[in-house]
Structure formats: structure tokens, C-alpha cells
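Chain residues, written in single-letter form:
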Amino acid sequence: SPEPWSVIEPAIIERMGRPLSDVFSRIDATPLAAASVAQVHEATLLDGTDVIVKVQRPKALNQVNQDLDIILRLASWLNKTTVWGQDLGIEKLAKGFANSLEEELDYRIELGNMRAIEDSLR
């Protein structure tokens, strides 16, 4: 279920470093969709451009980091104590998963990928 606007609005303001009214003429407090780490809201920029605002849940990154710490420690232990862990390369696999997830949570990377697709479509 989505985070309430009372939690999301301050998160947007904090990330932008300025009031919403400096950027948006309108932003819908009701999200279009919500997932485990983020939700999206319809908005209109001051110049009239319609946009979608993707907001990471304020506690999501901390929770993911805690979960990754558990996974990495478990993988390290399995690598040291089991033959199958060593054979699978479980520690390397876990580190790759952690790196991939960290990239997914960095929306600047997502933006760069979207721009690259846009450029290639031109």
C-alpha cells in the first residue's frame, strides 16, 4: 500500500531542496502506483509539462541495506563452511545481486538509461 502524502511530500521536498511550488504547478497526492520501495505521482511542471514523479519510500533504502547486510554475511558464511557454497560462488553471486539492487535504487542511473533509450530512438 502507498505511503501517505504526509510522508511522501517532505521526502520530495528534501530531495529537491526547495518547495514543491518552485517546481510544480500541480502534483497529485494520490499515487498512480506503489511498490515496495517507491511510488509514482502525476504532476505538472511550472512550464505546463506533464511528468511522473517517482518517489523512493523514505525508509526503503535503510531497509534494503539491512537486508543486503544479512544476505552478504550469510553468503560469506556459506562460502566458508559449505562445499556447495564455494562451488556456486555464492559470495560473488550475493555481491552481484547487492550491486544490482543498489543500482536499481539509484534513480539517477534509471534516468540516464531512459535518456540513452530516448537518444537511440531519435
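Just so we're clear, the structure is a prediction, and the values are computed from it rather than from any experiment. (Residues numbered from 1 in each chain as written. Predicted model: local features only at pLDDT ≥ 70, side-chain atom pairs only at ≥ 80, totals over all residues. Heavy atoms only, no water.)

1. Let's talk about the overall build of the protein chain
Secondary structure assignment for the protein chain yields five helices and four strands. When the helices and strands of the protein chain are placed in sequence order, the string is α-β-β-β-β-α-α-α-α. Projected onto its principal axes, the C-alpha coordinates of the protein chain cover approximately 60 × 40 × 25 Å. Burial analysis of the protein chain (122 residues in total) assigns 26% to the buried set. Expressed as a percentage of contacts within the protein chain between residues at least 6 apart in sequence, the contacts between residues at least 24 apart total 34%. For the protein chain, the exposed surface amounts to about 8600 Å²; the carbon and sulfur share of it is 56%. (Helix = DSSP H or I, 4+ residues; strand = E, 2+ residues; numbered from the N terminus. Buried < 20%, exposed > 50% of the residue type's maximum accessible area, 1.4 Å probe, protein only. Contact = heavy atoms within 4.5 Å. Areas by Shrake-Rupley, 256 points an atom, 1.4 Å probe, with all protein chains shown as cover.)

2. Remarks on the pairing of strand 3 (residues 38–45)
Pairing of strand 1 (residues 24–27) with strand 3, which is carried by three bridges, proceeds in the antiparallel orientation. Note that in strand 3 the partner of arginine 26 across the bridge is threonine 44. Sheet analysis places strand 2 (residues 33–34) next to strand 3, joined by two bridges and oriented antiparallel. From the neighbouring strand, alanine 34 faces strand 3, where its bridge partner is glutamine 39. The antiparallel hairpin formed by strand 2 and strand 3 contains three residues in its connecting segment. Relative to strand 4 (residues 50–56), strand 3 is paired through seven bridges, and the arrangement is antiparallel. Residue pairing across strands places glutamine 39 opposite valine 55, the latter belonging to strand 4. In sequence, strand 3 turns back onto strand 4 through a hairpin of four residues, with glycine 48 there showing a positive phi of about 95°. (Pairing = 2+ DSSP bridges.)

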